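Take a look at the letters that make up each chain.
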Amino acid sequence: MPTAVVTGANSGIGHEFAKLLIKEGYDVYATDVQVGDKLQSLACKHVHLDVSSPESIQSFAQQLSNQPVDLLLNIAGIMAPPATDLLTTVDLPALNRTFSVNAFGPLLLTQSLLPNLLASPHPRIGNMSSRVGSIADNASGGSYAYRASKAALNSISKSLAVDLRDKGVVVVVLHPGFVKTAIDPRIHEVKEAVKPEEAAAKLWRVLMSKGLEDSGRFWHREGQELPW
């Protein structure tokens, strides 16, 4: 039975990914900073994990011990309230908090679980980014902390792909599109927004369709590649 680790599994896309992976026959470690009812409802291992805390990451790595990890899904993410993430309002605490979860967390968790990933015959990492992290696609400005944190995650993901290619690790950078989650209530009013279960299902197909030749590239949930 393959093993998967999913962050941000107490809600939204992370929760739906955990449910999907259970159905696909994975031994799932569903993790979140909040061990709430949704996390505990999953028929798998549910673990408290704060990806912004090196101590929490290290504790989780120790819990895994020598267990091979076939799939690491870095889904957990946060967004500052839009009014506080403008040129005139963003501040250092908001930047630090957003980067610690959205960019530094996936890197440090991957670093800590690298021995587990390399123990798998077919290791794979999926990093949940966002189209707003595309510098080439930025036509609206704003969202300084969130946008920059996702651009940083894209850069980190590319470096992971380069460093881990000869070890057989596939790194896939994912954009979910507009999804009706709690991260930004405004999205619920967007006509093309989808429910988390649809986003997870489409992202799963994209994630599993990529090989080493695609490692480190940036993909929309509908399958098209996105610019950096």
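Here, the structure is the one placed above.
Remember, it's a predicted structure, so these values are computed and weren't measured experimentally.

Conventions adopted
Residues numbered from 1 in each chain as written. Predicted model: local features only at pLDDT ≥ 70, side-chain atom pairs only at ≥ 80, totals over all residues. Heavy atoms only, no water. Helix = DSSP H or I, 4+ residues; strand = E, 2+ residues; numbered from the N terminus. Contact = heavy atoms within 4.5 Å. Polar contact = N/O pair within 3.5 Å; in protein donor to acceptor, adjacent residues only side chain to side chain. Buried < 20%, exposed > 50% of the residue type's maximum accessible area, 1.4 Å probe, protein only. Arc of directions from axis to C-beta. Patch = residues over 30% accessible without salt bridge, like charges linked within 9 Å, V, L, I, M, F, W, Y side chains within 5 Å. Areas by Shrake-Rupley, 256 points an atom, 1.4 Å probe, with all protein chains shown as cover. Salt bridge = Lys/Arg side-chain N within 4 Å of Asp/Glu carboxyl O. Pairing = 2+ DSSP bridges. Axes fitted to C-alpha atoms, helices over the stretch in contact; angles between N-to-C directions. Phe/Tyr/Trp six-rings, centres within 6.5 Å; stacked < 30°, edge-to-face > 60°. Right-handed = clockwise from strand over helix to strand, strands pointing away.

## Things to note about the environment of Arg221
Among the secondary structure elements, Arg221 is positioned in the segment after strand 7 (218-220). Sequence spacing of Arg221 and Lys202 is 19 residues, and the spatial spacing of their C-alpha atoms is 5.6 Å. Other than its neighbours up to four places away in sequence, Arg221 contacts His175, Pro176, Gly177, Phe178, Val179, Glu192, Val194, Ala199, Lys202, Leu203 and Val206. A distance of 2.6 Å separates a polar side-chain atom of Arg221 from the backbone oxygen of Pro176.

## Topic: helix 3 (residues 54-64)
Regarding helix 3, the residues found buried are Ser56, Ile57, Phe60, Ala61 and Leu64. Projected down its long axis, helix 3 shows its buried positions confined to an angular sector of 140 degrees, all on one face. Away from its buried face by more than 90 degrees, helix 3 exposes Glu55 and Gln62. Residues of helix 3 that are buried sit in contact with strand 1 (3-6), strand 2 (27-32), strand 3 (45-48) and helix 4 (92-118). Positioned one or two residues after helix 3, Ser65 has a phi angle of 55 degrees, which is positive.

## Topic: a nonpolar patch on the surface
Taken together, the side chains of Phe104, Leu107 and Leu108 make up a nonpolar region of the molecular surface, amounting to roughly 230 Å² of accessible area. Here Leu107 lies in helix 4.

## Considering the sheet that holds strand 5 (residues 124-128)
Sheet strands line up and pair through hydrogen bonds in the backbone, either parallel or antiparallel. Reading across the sheet, the seven strands line up as 3-2-1-4-5-6-7 and stay open at both edges, with parallel pairing between neighbours. Every other strand in the sheet has two partners, leaving strand 3 and strand 7 as the edge strands with one partner each. Taking each pair of neighbouring strands and ignoring which way they run, the sheet shows an average axis angle of 20 degrees. Where strand 1 meets strand 4 (residues 71-74), three bridges bridge the pair, whose relative direction is parallel. When the sheet's bridge partners are listed, Val6 is paired in strand 4 with Leu73. Sheet contacts for helix 4: strand 1, strand 4 and strand 5; angle to strand 4, the most-contacted strand, approximately 175 degrees.

## Some remarks on the packing of aromatic side chains
Under the defined criterion, the tally for this structure stands at four aromatic pairs. Taken together, a centroid distance of 6.2 Å and an interplanar angle of 70 degrees make the contact between Tyr29 and Phe60 edge-to-face. In this pair, Tyr29 is assigned in strand 2 and Phe60 in helix 3, connecting sequence segments 31 residues apart. Take Tyr29 and Phe60: they sit in the same class, and that class is buried. Measuring from centroid to centroid gives 5.8 Å for Phe99 and Phe104, while their planes differ by 45 degrees, and the two rings are tilted.

## Remarks on the pairing of strand 1
Residues of strand 1 alternate between two faces, with Thr3 and Val5 on one and Ala4 and Val6 on the opposite face, all of them buried. Bridging between strand 1 and strand 2 involves four bridges; their strand directions are parallel. Across the sheet, Val6 pairs through a bridge with Ala30, a residue of strand 2. Between strand 1 and its parallel partner strand 2, the chain crosses via helix 1 (residues 12-23), and the hand of that crossover is right-handed.

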